[in-house]
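Structural overview
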Amino acid sequence: VLSMDFDNRDYAKYRLIHGDILLNEGQSRELVGRCAMYSGQISDCCFQNTLLRFRSGPDLLPEFSLLYFQFLFYRGTFSSVATQTTSIAHLGSDTLKKLYMPIPPRDDQEAIVKKLFAMKESRGLLKANTADLLATRSALINTLGKEGAYV
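A few points on the structure. Because the structure is predicted, anything quoted here is derived from the model rather than measured.

Right, let's get into the sheet that holds strand S4 (residues 51-54). Ordered by their spatial adjacency, 3 strands build an open sheet running S3-S1-S4, and the pairing between neighbours is antiparallel. Only two strands of the sheet have a single partner each, and these edge strands are strand S3 (35-37) and S4. Pairwise comparison of adjacent strand axes, ignoring direction, gives a mean angle of 25 degrees for this sheet. Relative to S3, strand S1 (residues 21-24) runs antiparallel, the two sharing 3 bridges. Each residue of the ladder has a partner; that of Leu 22, found in S3, is Ala 36.

Laid out in structure tokens, this is it:
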């Protein structure tokens, strides 16, 4: 992990805490707004100004925020509102601040997060099973092909 020197003022400003959402600020138009949640894997970690940080308030679950930002990314919202310079698209904090963020009741947020994370887990299992099935199919075709059979 690369490190940078931050004075106390900048450290306080750029320090990450568990649940902070980081978004790609500048990138190609199709990649601007990619996001991830910081989970504290690296202690005393800060972010650079090539990223935007979103910190949920008390009424908003960080996991809900992450899922909503992922929705906006895959829907193309970030790429459609990003400004384009010569070769780099920029999201910018001012643009991010203007985007609508729904804040359903906390119980609803928890239910949405639980359901969507379960769906993501199922999707991962399906992808792994598909890869296993394709490998088995390939091995069968190889085996049958060596024995002179046709598939």
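Before going further, it helps to examine a nonpolar patch on the surface. Residues Ile 112, Leu 116 and Met 119 make up a contiguous nonpolar surface patch of about 240 Å² in total accessible area. Along the chain, Ile 112 turns up in helix H5 (residues 106-146). For Ile 112, a relative accessible area of 34% puts it in the partly exposed group.

Right, let's talk about the packing of helix H2 (residues 62-75) against H5 for a bit. For the pair H2 and H5, interaxial distance at closest approach is 9 Å and the crossing angle is 60 degrees. The orientation of H2 relative to H5 falls into the category oblique. Handedness of the crossing formed by H2 with H5: left-handed. Between H2 and H5, the contacting residues are Glu 63, Phe 64, Leu 67 and Gln 70 on the first element and Gln 109, Ile 112, Val 113, Leu 116, Phe 117 and Lys 120 on the second. Residues that form the contact of H2 with H5 fall into these classes: 6 nonpolar, 2 polar and 2 charged.

Reading the values: the criteria
- Residues numbered from 1 in each chain as written.
- Predicted model: local features only at pLDDT ≥ 70, side-chain atom pairs only at ≥ 80, totals over all residues.
- Heavy atoms only, no water.
- Pairing = 2+ DSSP bridges.
- Helix = DSSP H or I, 4+ residues; strand = E, 2+ residues; numbered from the N terminus.
- Axes fitted to C-alpha atoms, helices over the stretch in contact; angles between N-to-C directions.
- Patch = residues over 30% accessible without salt bridge, like charges linked within 9 Å, V, L, I, M, F, W, Y side chains within 5 Å.
- Areas by Shrake-Rupley, 256 points an atom, 1.4 Å probe, with all protein chains shown as cover.
- Salt bridge = Lys/Arg side-chain N within 4 Å of Asp/Glu carboxyl O.
- Buried < 20%, exposed > 50% of the residue type's maximum accessible area, 1.4 Å probe, protein only.
- Parallel < 35°, antiparallel > 145°, perpendicular 65-115°, else oblique.
- Left-handed = near helix turned anticlockwise from the far one by under 90°.
- Contact = heavy atoms within 4.5 Å.
- Nonpolar A, V, L, I, M, F, W, Y, C, P; charged D, E, K, R; others polar.

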